[in-house]
Amino acid sequence: ITSINQNINFTWIGDGNDLQKNILMKHGVKVTGWLSRDEVIASLKVSDIYLSTSDWEGLPVSIIEANYAGIPVIASNCPGNSDVIKNGITGWLFENSEEAVELLLNIKNTDIDIRRIARTAQVEAIDRFSKSQYVSAMNKIMSNISS
C-alpha cells in the first residue's frame, strides 16, 4: 500500500477484524464496513478499478458483479479468479503485490483501453453467469439425467 502514492484512493468494501482494518486505515484505505447489496453496487458504479487480493475463491461473485457493472478488474491469479478472468482480455491477473502495483500504475499512467476490456468482461459475464444461462445449463443437465 505504501509503495503507491499517486493519488489513487482505495476503498475496502466490507469488514474484517479490528487489527486488519486498522492497518488498512493507517495506510489511507477507506473501510466501509458491511454494506447492503444496493450500497455495494452503488460503490462499484463510482469505482474506476476493482482490485481483488484473494488467496483463493470458489466462484468469485464479487469479480463477476464488478464485470456486470462494467468495472475493470485486477485480481490475484488464484483458483476461481483465473476461471473468470482471461488475463489481458477480460481483466488482469497478478502473482504478487509488486505485480499488482505495477498493473495499477500502468493502467493509471498509460493509454491502456480499460473500457474495452471492461466491456469485454461485461459481455462475457452476461454470457457465462446470467440467470438465464444458469437456468439453461440446469435444464440441459436435468434433461440428460431424465434420458
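To be clear, the structure that these remarks concern was listed above.
Residues numbered from 1 in each chain as written. Predicted model: local features only at pLDDT ≥ 70, side-chain atom pairs only at ≥ 80, totals over all residues. Heavy atoms only, no water.

(A) Focus on the pattern of salt bridges. As enumerated under the stated definition, the model contains 5 salt bridges in all. Measuring nitrogen to oxygen at the nearest pair gives 2.8 Å for the salt bridge that ties Lys21 to Asp15. Assessed through its relative accessible area of 18%, Lys21 is described here as buried. Looking at Asp15, the relative accessible area reads 26%, which means it is partly exposed. Residue Asp18 pairs with Lys21 through a salt bridge whose shortest N-O separation is 3.5 Å. Note that Asp18 and Lys21 are positioned in helix α1 (residues 18–26) at a spacing of 3 residues, about one turn of the helix. Under the relative-accessibility criterion, Asp18 is labelled exposed at 53%. Connected via shared salt-bridge partners are Asp15, Asp18 and Lys21. (Salt bridge = Lys/Arg side-chain N within 4 Å of Asp/Glu carboxyl O. Buried < 20%, exposed > 50% of the residue type's maximum accessible area, 1.4 Å probe, protein only. Helix = DSSP H or I, 4+ residues; strand = E, 2+ residues; numbered from the N terminus.)

(B) Representation of the layout of surface pockets within the structure. Of the pockets and cavities examined, the largest pocket occupies roughly 1500 Å³. Considering the residues around the largest pocket, the lining is formed by 40 residues, among which Phe10, Thr11, Trp12, Tyr50 and Leu51 are closest to the centre. Contributions of two or more residues to the lining of the largest pocket are made by β1 (11–12), α2 (37–45), β3 (50–52), α3 (61–68) and α5 (97–109). Among the elements that make up the lining of the largest pocket, the one with the highest residue count is α5 (6 residues). Residues belonging to the lining of the largest pocket are distributed by class as follows: 22 nonpolar, 12 polar and 6 charged. (1 Å grid on protein atoms, 1.4 Å probe; cavity = no way out; pocket = protein on both sides within 12 Å on 5 of 7 lines; lining within 4 Å. Points joined across faces, edges and corners; volume = space filled by probe spheres on them. Nonpolar A, V, L, I, M, F, W, Y, C, P; charged D, E, K, R; others polar.)

Just distances and angles here, no functional claims.
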